[in-house]
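Structural description and commentary
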Amino acid sequence: MTDTETIVITDPDSDRYHTFGYISWWQQEVVRNATVLVIGAGALGNEVIKNLTLMGIGNILVADFDTIEDSNLSRSVLFRAEDRGRRKVDAAADGVKALNPDVKVKTWHGDINFEMGLGVFRHVDAIVGCLDNREARLSINRFSWAVNRPWVDGAIQELMGIVRVFWPGQGACYECTLTDLDYQIINLRYSCPLLARQNILQGKVPTTPTSASIVAAFQTQEALKLLHQMEVQPGKALMINGLTNDIYLTEYPIKQYCMSHSTLDPIVELPEATAAGTTLAGLLATARERLGPEAVLEFDSELVISMVCGSCGNEEPIFQRMARLYEDAAVCPTCGNKREMRLTHRITGEEEFLDRTLQQVDVPPLGIIRARNGSERVYYELTGDKATFLQFA
């Protein structure tokens with residue numbers, strides 16, 4: 001006796017997903033219950049969001065930090081002329097609801113490099129990157145590796161496109177593909193003391209709506225494969241040459257000692273902990289209950305506690321990650337001379353600012369913080385923030 005699979009045929013007059021039921025591997029229930037994070041709501045993001053919406057993805061989280069300008073209107077199917085000046089995520093969400101009221105959509109407006117907690121990547125079913133810069137891709141790659149989640153990358157330029165799935169432990173990652181020139185371009189954003197430069201690398205990538213739709217279609221298909229637990233090809237690139245109509249696969253070599261290849265383990269969820277409500281002292285106490293009285297908290301980057309002027313003695317509290325500060329922050333507002341940064345990346349319990357909340361020391365909602373005592377370590381997730389990103393109305 002052979003195994004048989006039941007195919008449910010619905011009424012095409014009352015079921016908008018009727019045709020999908022004829023696809024042998026399609027599971028509408030899987031699609032309906034899925035949560036997909038789309039990072040970037042420009043030309044690529046518009047097409048990916050549109051595709052996911054038409055197929056009835058249950059929950060879409062759209063992340064972007066930009067606003068709409070006239071040049072977006074020729075490449076973005078979800079934007080209209082009256083959307084000029086609006087946040088891209090808001091206009092995209094309106095487009096989703098107009099296309100398919102079945103789909104729940106949530107927006108997040110912010111800088112993916114610093115303001116989205118690692119926990120978000122843990123709690124979605126698929127991640128699709130629709131970005132136009134290396135730094136943001138590198139951040140997503142490291143975040144995904146940290147929490148052991150695959151992601152789908154897409155890129156377009158003129159009539160060229162590329163689609164890649166990166167999966168921790170399976171083939172090369174995005175950082176494995178970076179050359180010395182790529183790192184130089186990323187580092188151009190920073191001045192000598194590692195403070196970000198303003199108004200640099202603001203150029204737009206020239207492309208067409210056709211390239212965006214082609215690449216986004218492949219990205220969406222790869223995301224669907226991930227949702228259905230179908231085979232994908234991590235660490236390989238689908239290269240699309242619109243000039244010659246060539247499409248081919250290429251495989252990247254795995255880079256030894258790649259900086260992205262670091263996974264957080266074990267991750268412990270703290271259902272009551274939030275960035276806005278939990279203090280450094282409170283989280284440190286939690287860590288010491290598990291790891292002992294010598295445990296410390298460690299951040300994944302340097303925290304600028306204050307800026308100190310050696311000339312006039314002025315000291316300004318900052319409490320932001322160093323990479324978020326622009327180079328003009330090094331100038332003393334009182335005397336105009338150069339200031340020095342007072343830095344830390346560890347909380348030992350001796351600090352005078354332990355009553356500050358995690359948000360007040362630049363830890364994002366649903367963030368993950370390392371606690372350590374010698375060689376023993378644990379990673380605490382601020383799971384109380386989960387609803388901020390993943391509770392869909």
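Here the structure is a predicted model, which means the values were calculated and not measured. (Residues numbered from 1 in each chain as written. Predicted model: local features only at pLDDT ≥ 70, side-chain atom pairs only at ≥ 80, totals over all residues. Heavy atoms only, no water.)

This brings us to the overall build of the chain. Within the chain, the secondary structure is distributed over nine helices and 14 strands. For a compact globule of 393 residues, the expected C-alpha radius of gyration is about 21 Å, and the chain comes in at 23 Å, within 12% of that figure. Seen through its principal axes, the chain has C-alpha atoms that stretch 75 × 50 × 45 Å. Put simply, the chain has 393 residues, and 49% of those count as buried. (Helix = DSSP H or I, 4+ residues; strand = E, 2+ residues; numbered from the N terminus. Rg over C-alpha atoms; globule rule 2.2 N^0.38 Å. Buried < 20%, exposed > 50% of the residue type's maximum accessible area, 1.4 Å probe, protein only.)

With mixed pairing, eight strands are arranged side by side in an open sheet as β3-β2-β1-β4-β5-β6-β7-β8. With one partner strand each, in any of the chains shown, β3 (104–109) and β8 (246–251) form the two edges of the open sheet. Looking at each pair of strands side by side, their axes are set apart by 15° on average, direction ignored. In the sheet, strand β6 (residues 160–166) pairs with strand β7 (residues 236–241) via five bridges, with the strands oriented antiparallel. Across the sheet, the residue bridging to Arg164 is Ala237, located in β7. Lying over the sheet, helix α2 (residues 43–55) contacts β1 (35–39), β2 (59–64), β4 (126–129) and β5 (151–157), oriented at roughly 165° with respect to β1. On the sheet, helix α5 (residues 134–146) packs against β1, β4, β5 and β6 and is oriented at approximately 170° with respect to β5. (Pairing = 2+ DSSP bridges. Axes fitted to C-alpha atoms, helices over the stretch in contact; angles between N-to-C directions. Contact = heavy atoms within 4.5 Å.)

Let us now look at unusual backbone geometry. Omega for the bond connecting Asp265 with Pro266 falls within 30 degrees of zero, at 0°, which places this linkage in the cis form. Along the chain, the position of Pro266 falls in the loop between β8 and β9 (267–269). In this structure, Tyr257 takes a positive phi of about 60° despite not being glycine. For Phe319, which is not glycine, the phi dihedral falls at a positive 55°. Along the chain, Phe319 turns up in strand β11 (residues 315–321).

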